[in-house]
Structure formats: structure tokens, C-alpha cells
Amino acid sequence: MKTALLFFIAFVFLQSEKSFASVDSLSTLDISFTGTEIIWDADREAGIDINILFHIVVSGNKYTAVSTSSAFCGTTNVGEWKQELNDSMIDELKKLIKRFEALPNKLKVWGYVEQEYSIKYAGNSWGLSIDVMHDTLGFQELHEKIFAKQYNELKICREKFRAELTNSLQKKWYYNPKEQEYVVMNDVLTFKNAPDSLRTCYWEFGDSLLFNSSCRQDIKAGTRAYLLTDRYRLFLYFFLYNIVCGEILNDNSSFEIMSVTDDELKLKLFY
């Protein structure tokens, strides 16, 4: 009887140790994720690169998720996020790890748009490239669940920035038309709030971003610009052909807002 009792105590102890070891090993979890967020305006789509770094820090009996990403509020990166994990979050992470463990260490699933993972956990590592349509790991969804508070704060920040930006844009922005004759994707355009000997043309934004340009004679009354916010960037776009006077073949032109101050606006041609 005594032997059986000792065996039972030892069994419970070992199971407990195994359970704690499983939790403690979360401290070895390190995920690097690169993906693409598809955004839409009307009937067009474009891809935004996403980068997330994620790991766990253990202090005593507390587990904290630490993450950096390519998410921005306006033109400012959100920086580092920290969130203490509750039991539910820990369970969700364990389920995610089980999905990792069911996959080979190297996996390449060909697809039009791919999610890239570099994962380390408990001495193992995975390098995964998965078609976005077949990525069932659910890492992004879990990331949003763990950092729900931070994502909500980011949403509020963006709404505030969007309103402030709409007001900030409402003026004439001058540029050199010679610099916009042959603009290609990823070129950065710089506008100033006052004319000079070179900056003789302007874009003008009014209420509700009603738009006019001194270098365009064909802009119809009521034409406006739009602000488009995805989870990672802020864009200014137009339903106008050849908006920058260059050889742009798309029907509408879209710009990532790089920076905006009282006297300077920088836009990068996105498509």
C-alpha cells in the first residue's frame, strides 16, 4: 500500500514537472513572420509587406509576450509591444506550437502570395514558406488576440492621425514639375508649402480633400483624394489617370505617406 502511494505521488509529481516544463519552454519560443496584407480600393488590389518579431520573456511565474512589427500610426512605427500572458493565451500558444510540431522543419508551399516563418522552440527550428490561402497556423490572428489592447489603441491613434492629417493637407503643396516627368514606383516626391523658382506647380487639397492641381487642366469639379488605412501603412490615393504627370499606366495613383509637417509633404509612389 505504501509503495503504491509513493508511486502515485511520484507519478503526480512527474506529470506536474512535465506540465511546468512545457510552460517554461515557452521562453524559448521565437517567431519571425513576414507576410503580405492585401488592401483594396474599388476594383484594385495591392500588397503591403508585414513583418512581426515575437518572443516570450519569463520572470518568476509571469510570462510576457514581446513583439515588434511593421505597424505604423501615421508615419510613426508602433515600437515594442509587451503583454503579460494569461492562462488562455498560454493555452493558445501551446496549440500554435503543436501545429508547428506537426510540420517538417523545412516547408515550401508555392503560392501567389506567401507567408514566411522562421521559428525556434525548445531546441527545434522551422523555416516555413506557406501560400497565404493555405496558412492555417493562425499566427496573425493569435498575435491580434494577445495584443488586443495595443491593436485597439493603434486603431484610435490612426483615427486621430487621419483627422489631423486631413486638416494638415488642406493647403497648396508646391513641387517642381520637371521632377515629376518620369516618375516610377517607389520614387519619393517632395512638396513644399510655398513656391520658389523651381516649385511652380501645386496640388491643392480643400475640405473633404477636394483636389485641384495647377498643372492639370482636366480635373473635374468635385474630384477628391482619399486616405486609405490598412493595418500597417497610410495611403493617399486618387481616381485620376497620370496624377504625377509621368508615364504612369494605372488608372489611379496611390502614395504611401512618408512624412508630413507644416511646410513639407513626402509621398512615395506605391502604384
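Analysis parameters
- Residues numbered from 1 in each chain as written.
- Predicted model: local features only at pLDDT ≥ 70, side-chain atom pairs only at ≥ 80, totals over all residues.
- Heavy atoms only, no water.
- Helix = DSSP H or I, 4+ residues; strand = E, 2+ residues; numbered from the N terminus.
- Buried < 20%, exposed > 50% of the residue type's maximum accessible area, 1.4 Å probe, protein only.
- Contact = heavy atoms within 4.5 Å.
- Areas by Shrake-Rupley, 256 points an atom, 1.4 Å probe, with all protein chains shown as cover.
- Expected span 1.5 Å × (residues − 1).
- Arc of directions from axis to C-beta.
- Polar contact = N/O pair within 3.5 Å; in protein donor to acceptor, adjacent residues only side chain to side chain.
- Core = buried A, V, L, I, M, F, W, Y, C linked by side-chain atoms within 4.5 Å.
- Lys, Arg positive; Asp, Glu negative; His and termini not counted.
- Salt bridge = Lys/Arg side-chain N within 4 Å of Asp/Glu carboxyl O.
- Phe/Tyr/Trp six-rings, centres within 6.5 Å; stacked < 30°, edge-to-face > 60°.
- Lys NZ or Arg CZ within 6 Å of the ring centre and 35° of its normal.

(A) Examining the overall build of the chain more closely. Summing up its helical and strand segments, the chain has 4 helices and 17 strands in all. Of all 271 residues assigned to the chain, the portion counted as buried reaches 41%. Taking contacts inside the chain between residues at least 6 apart in sequence as the whole, the part at least 24 apart equals 51%. Here the chain displays about 15,300 Å² of accessible surface, and carbon together with sulfur accounts for 54% of that area.

(B) Spatial organisation of helix α2 (residues 87-101). The end-to-end C-alpha separation of α2 is 21 Å, in line with the 21 Å expected for 15 residues at 1.5 Å each. Restricting attention to buried positions, one finds in α2 the residues Met89, Ile90, Leu93, Leu96, Ile97 and Phe100. Buried positions in α2, seen along its axis, are confined to an arc of 115 degrees and lie on one side of it. Away from its buried face by more than 90 degrees, α2 exposes Asp87 and Lys98. Between a side-chain oxygen at the N-terminus of α2 and the backbone nitrogen of Ser88 the separation is 3.1 Å; the capping residue is Asn86.

(C) Up close: the nonpolar core. In this structure, Phe54, Leu93, Trp203, Phe205 and Phe238 are the most contacted members of the largest nonpolar core, which totals 59 residues. By residue number, the principal contributor to this core is α2, which donates 6 residues. Apart from the residues within four sequence positions on either side, Phe205 is in contact with Leu169, Gln170, Lys171, Trp173, Leu210, Phe211, Ala225, Leu236 and Phe238.

(D) The arrangement of the environment of Gln180 in detail. By secondary structure assignment, the location of Gln180 is in the loop between β10 (172-175) and β11 (188-192). For Gln180, a relative accessible area of 2% gives the class buried. Sequence-wise, Gln180 and Ile243 are 63 residues apart; in three dimensions their C-alpha atoms are separated by 9.7 Å.

(E) A look at the side chain of Asp131. With respect to the element layout, Asp131 can be found in strand β9 (residues 124-131). We note that Asp131 is buried and unpaired, the nearest opposite charge coming from Lys108 at a distance of 10 Å. Leave out the neighbours within four places in its chain, and Asp131 touches Val109, Trp110, Gly111, Tyr112, Val113 and Glu114.

(F) Local environment of unusual backbone geometry. Within the chain, Ser208 stands out as a residue other than glycine whose phi angle is a positive 60 degrees. By the secondary structure assignment, Ser208 is in the loop between β12 (201-205) and β13 (211-213). A positive phi angle, near 60 degrees, is found at Leu209, a position not held by glycine. Tracing the backbone through its elements, the reader meets Leu209 in the loop between β12 and β13.

(G) Geometry of the packing of aromatic side chains. In total, this model carries 20 aromatic pairs according to the counting rule given. With a centroid separation of 5.7 Å and 40 degrees between ring planes, the pair formed by Trp81 and Phe147 is classed as tilted. In this pair, Trp81 is assigned in strand β6 (residues 81-84) and Phe147 in the loop between α3 (139-146) and α4 (148-169), connecting sequence segments 66 residues apart. Of the two residues, Trp81 and Phe147, neither departs from the other in class, the shared state being buried. Centre to centre, the rings of Trp203 and Phe255 are 5.7 Å apart; their planes meet at 70 degrees, and the pair counts as edge-to-face. On the criterion of sequence distance, the pair formed by Trp203 in strand β12 and Phe255 in strand β16 (residues 253-260) is long-range, its members being 52 residues apart. Grouping aromatic residues by their ring pairs yields a cluster made of Phe33, Phe54, Trp81, Phe100, Tyr117, Trp126, Phe139, Phe147 and Tyr151. Geometry around Trp110 places Lys108 over its ring, the cationic atom sitting 4.4 Å from the centre. Directly above the aromatic system of Tyr202 lies the positively charged group of Lys172, at a separation of 4.6 Å from the ring centroid.

That's the geometry; what it means functionally is another story.
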